[in-house]
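Here's the letter readout for the chains.
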Amino acid sequence: MTPWRLLFEHLRGAWFRVLLTAAGVALAVFLMATLRTVVTSLQQTVKAAGSNRLITSSAVSLFVFLPAKLENDLRAQPGVREVTHWTWFGGVYIDKENMFARFATDVPTLRTVYGDWSPRREEIVMPPEQWEAFDGSRKACIVGDGLIERFGWELGETIELKGNIFPGDYSFDIAGIYTPGSGQMDSQTMFFHWDYLDEKAGRPGKISTFTLDLEDGADLAAIAAAVDDRYASSDHRTRTLTEAAFNQMFVSMWGNVPLLLSMIGGAVLFAAFMIALNTMLLHGQERRLEVGVLKALGFPDASIAALFVAEGVVVCGIGGLFGVAGAHVMFNVIGVSALDRFFPSFAILPETELLAAGTAVAVGLISGIVPAWVAVRTPVVDALSRRD
Amino acid sequence: MLITARGVGKSYFRGGQELRVLDDLDLDVEAGEWVALMGPSGSGKTTLLNLIGGIDVPDAGTIQVAGDEIVGRSPAELAAWRSRHVGFIFQLYNLLSVLTAEQNVELPLLLTPLSRRQRREHVQTALEVVGLADRSDHRPSQLSGGQQQRVAIARAIVTDPSFLLADEPTGDLDAKSAEEILHLMDRLRADFGKAIVMVTHDPNAAARADRLVHLEKGAIATSEAVRE
Ligand SMILES: Nc1ncnc2c1ncn2[C@@H]1O[C@H](COP(=O)(O)OP(=O)(O)OP(=O)(O)O)[C@@H](O)[C@H]1O
Ligand SMILES: [Mg+2]
């Protein structure tokens, strides 16, 4: 009963306007999906955290080191199964632009807590022979597959780093390539021997964070409190957090950024909505006479409304589809490495895609309903008259 | 009697002031009759046509068409009634510019249960009646005013309505095209038995009708048979 042909002919006749509107919606949806993915990626890091691990760092700041001698105290703490440690190296690889995380660590305990010796989920996934090779040579390092891809390195290659926090020239042989076992681990991190670093730096015994791997069923809060109490009056007060809380702290270093991003995403979307609505309203006004004719011929209000609503949904739906598809291809298929540097895994979630596409359709619905409502409400005689 | 209007009144309000456009008006149109409505501008001719065609509702009175009362029906009922009984012809044709002649004529058939093929046949017949079968895939912008009006007439007759309402159908046409349209309307009445109510300012057009009704200040001043 509805003259759908009209919808088709209007879309075809005004293809440039359709294209512009759809492109506007596509862009907005793409942006919204991207910003939303920044937020979900941040949340992902928190969610993926192990529930049996505590991170002990200096209570002053993450940039203040703890003495290495704490390791044995911590290991002696009841409920603690194993302790490993990470130390932020900083440094420069060829050029300042080539940022990636470099940590000095202890290989056997790293393997026990995060690697294939862990009784829990493997976070750093690597073949045993590469773990052996890493452990076997003081100048060995392992790197994430993301770095291999980024710099085109190969197993066995030697890479040179210039130290800044720990001055000097350092060279490392790539003994292993790991893949992240979960969203918790980044694919662009390098690990090397803390002992090698400490020796070259003249044995200062500095450590950034200790990871406490707890026994099953251990009371995280009690152990964290016990550790921090123990050093409360020392000159190296500690702050012990669950891995999730620690990651959350990293996330909160972004401050209100997630909220801000959500707001920007919303604003962009709202702008696209206004554009779509405005276009549809203008289009509706131009079609006043057409509405009058359809009404005079006896077409029911529902048919006339359906034409407008369908047009809004089709135009915005196409835009939404392209926006989501663009984001999907960019982040999940090609994988834009620029963002990988900040997030362990920057991938648009299916629910984000659904949300973005759904929002586009909703924008289309509303921007179609408004002119449809105007059309239905206009009396036949007024729609037909050319008086105003 | 095809159309019987009794005591029809219609007012518009403008700036709080009542403007009585039609006042206690009676009109009868017989089946197959061609009535020409004349009168000064603003006398209510278009308003009367709109009321008979069921696209506007009177404040008072009754209008019966083929025995059915149309006053007091809901907008949806009126719409359905229009699609079955009325063929509208407008001064400025009012074809939909994005559709071809054929698609324009097919439009009212979408409200019927006809199949696609049947619709096609009906459209073809209607376009043949108006002599534009060879222009079926032209858009309105590719047709002259007279041709557009003929397509509009095809659209008005394609559902085989009881009567046609034409508001200054030749008002925007040159003499030759106007003559073609009048000739066509003559045939619709003679060959197909369609009643026609036509508003016109042109005495020549009015002379083609069976009866001439003069409207003056919202009431019928004179109604007389046209002698040829
Ligand atoms: N929707 C409306 N709102 C207010 N006034 C209206 C409306 N429609 C018509 N009128 C007024 O009603 C009167 C009659 O209008 P109508 O269009 O019926 O006249 P007409 O006889 O067809 O004139 P014309 O020969 O100029 O077409 C006019 O004064 C007009 O301004
Ligand atoms: Mg008029």
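Because the structure is a prediction, the values reported are computed rather than measured.

Trainee: Explain the overall build of chain B here, please?
Mentor: Counting its regular elements, chain B contains seven helices and 10 strands. A compact globule built from 228 residues should have a C-alpha radius of gyration of about 17 Å, and chain B, at 17 Å, falls within 12% of that. Each of the three principal axes of chain B carries a C-alpha extent, and together these read 50 × 40 × 35 Å. Residues counted as buried form 53% of the 228 residues belonging to chain B. Across chain B, contacts joining residues at least 24 apart in sequence account for 68% of those joining residues at least 6 apart. For chain B, the accessible area works out to roughly 10100 Å², and carbon and sulfur atoms hold 47% of it. One finds the centroid of the 24 positive side-chain charges in chain B at a distance of 5 Å from the centroid of its 32 negative side-chain charges.

Trainee: Just to check I follow, could you spell out the interface of chain A and chain B for this structure?
Mentor: For interface size, the figure often reported is the accessible area lost on association. Each partner contributes residues to the interface: chain A has 21 residues there, and chain B has 20 residues. Both faces combined, the contact of chain A with chain B buries some 1800 Å², and carbon together with sulfur accounts for 70% of it. Along the contact surface separating chain A from chain B lie one salt bridge. Note that Glu9(A) and Arg139(B) form a salt bridge whose closest N and O atoms lie 3.5 Å from each other. Elements supplying a minimum of two residues to the side of chain A that touches chain B: helix H1 (4-13), helix H11 (288-297) and helix H15 (380-384) of chain A. Counting residues per element, the side of chain A that touches chain B draws most heavily on H11(A), which supplies seven residues. Residue composition of the side of chain A that touches chain B, by class: 13 nonpolar, two polar and six charged.

Trainee: It is not clear to me how the domain arrangement of chain A should be interpreted in this structure. Could you clarify?
Mentor: In terms of domain boundaries, chain A breaks down into domain 1 (5-45 + 255-384) and domain 2 (60-236). One C-alpha centre belongs to domain 1 of chain A, the other to domain 2 of chain A; they are set 47 Å apart.

Trainee: How should I be thinking about the sheet that holds strand E1 (residues 3-14) of chain B in this particular structure?
Mentor: Sheets are built from strands that pair by backbone hydrogen bonding, the pairs being arranged parallel or antiparallel. All names here are of chain B. Here we have four strands laid out as an open sheet, ordered E2-E1-E4-E5, and antiparallel in their pairing. Looking at strand neighbours, the two that pair on one side only are strand E2 (17-29) and strand E5 (68-69), the edges of this open sheet. Both strand E4 (residues 60-65) and E5 contribute to a ladder of two bridges, which runs antiparallel. Opposite Val65, over in E5, you have Asp68 as the bridge partner. Lying over the sheet, helix H1 (residues 45-52) contacts E1, E2 and E4, oriented at roughly 60° with respect to E2.

Trainee: Please explain unusual backbone geometry as it appears in this structure.
Mentor: Peptide bonds are, in most cases, trans, and in most cases residues other than glycine have a negative phi. With a phi close to 55°, Arg203(A) is a non-glycine residue in the positive phi region. One non-glycine residue, Glu168(B), adopts positive backbone phi at about 45°. Tracing the sequence through the fold places Glu168(B) in the loop between strand E7 (163-167) and helix H6 (175-192).

Trainee: Help me understand helix H12 (residues 301-334) of chain A in this model?
Mentor: Along an α-helix, a turn takes 3.6 residues, which lines up residues three or four apart on a common side. All names here are of chain A. Between its first and last C-alpha, H12 extends 47 Å over 34 residues, near the 50 Å set by a 1.5 Å rise per residue. At His328, H12 shows its strongest bend, of approximately 25°. Remark: Gly335 follows H12 within two positions and exhibits a positive phi of approximately 75°.

Trainee: Whenever I open this one, the site of ligand 1 confuses me. Can you help?
Mentor: Residue and element names in this part refer to chain B. Near ligand 1, the surroundings consist of 16 residues, among which Ser41, Gly42, Lys45, Thr46 and Thr47 are the closest. In the model, an oxygen atom of ligand 1 is placed 2.7 Å from a nitrogen or oxygen of the Thr46 side chain. Note that an oxygen atom of ligand 1 is positioned 2.5 Å from one of the side-chain N or O atoms of Thr47. Protein chains shield 77% of the accessible area of ligand 1, which is 630 Å² for the free molecule.

Trainee: Sorry if this is basic, but what is going on with helix H14 (residues 350-377) of chain A here?
Mentor: The end-to-end C-alpha separation of H14(A) is 40 Å, in line with the 40 Å expected for 28 residues at 1.5 Å each. Where H14(A) is buried, its residues meet helix H2 (15-47), helix H10 (257-286), H11 and H12 of chain A.

Trainee: When you look at the side chain of Arg53(A) in this model, what are you seeing that I'm missing?
Mentor: Residue and element names in this part refer to chain A. Following the sequence through the fold, Arg53 ends up in strand E1 (residues 53-58). The class of Arg53 is buried, set by a relative accessible area of 3%. Within the structure, the side chain of Arg53 is placed 2.8 Å from the side chain of Glu123, a separation counted as a polar contact. Of the polar contacts made by the side chain of Arg53, one reaches the side chain of Glu243; its length is 3.0 Å.

Trainee: Before we go on, may I ask you to explain the packing of H12(A) against H14(A) in this structure?
Mentor: Relative placement of two packed helices is described by the angle separating their axes and the distance separating the axes. All names here are of chain A. Across the interface, H12 lies against H14 with an axial gap of 7 Å and an inter-helix angle of 160°. Relative to H14, the element H12 lies roughly antiparallel. Note on packing geometry: the crossing formed by H12 with H14 is right-handed. Of the residues assigned to the contact of H12 with H14, the class counts are 18 nonpolar, seven polar and two charged.

Criteria and thresholds
- Residues numbered from 1 in each chain as written.
- Chains lettered and ligands numbered in written order.
- Predicted model: local features only at pLDDT ≥ 70, side-chain atom pairs only at ≥ 80, totals over all residues.
- Heavy atoms only, no water.
- Helix = DSSP H or I, 4+ residues; strand = E, 2+ residues; numbered from the N terminus.
- Rg over C-alpha atoms; globule rule 2.2 N^0.38 Å.
- Buried < 20%, exposed > 50% of the residue type's maximum accessible area, 1.4 Å probe, protein only.
- Contact = heavy atoms within 4.5 Å.
- Areas by Shrake-Rupley, 256 points an atom, 1.4 Å probe, with all protein chains shown as cover.
- Lys, Arg positive; Asp, Glu negative; His and termini not counted.
- Charge placed at Lys NZ, Arg CZ, Asp CG, Glu CD.
- Buried area = accessible area lost by both parts, 1.4 Å probe.
- Salt bridge = Lys/Arg side-chain N within 4 Å of Asp/Glu carboxyl O.
- Nonpolar A, V, L, I, M, F, W, Y, C, P; charged D, E, K, R; others polar.
- Domains from an automatic or database assignment.
- Pairing = 2+ DSSP bridges.
- Axes fitted to C-alpha atoms, helices over the stretch in contact; angles between N-to-C directions.
- Expected span 1.5 Å × (residues − 1).
- Bend = angle between axes of the 7 residues up to and from the residue.
- Near = heavy atom within 4 Å.
- Polar contact = N/O pair within 3.5 Å; in protein donor to acceptor, adjacent residues only side chain to side chain.
- Parallel < 35°, antiparallel > 145°, perpendicular 65-115°, else oblique.
- Left-handed = near helix turned anticlockwise from the far one by under 90°.

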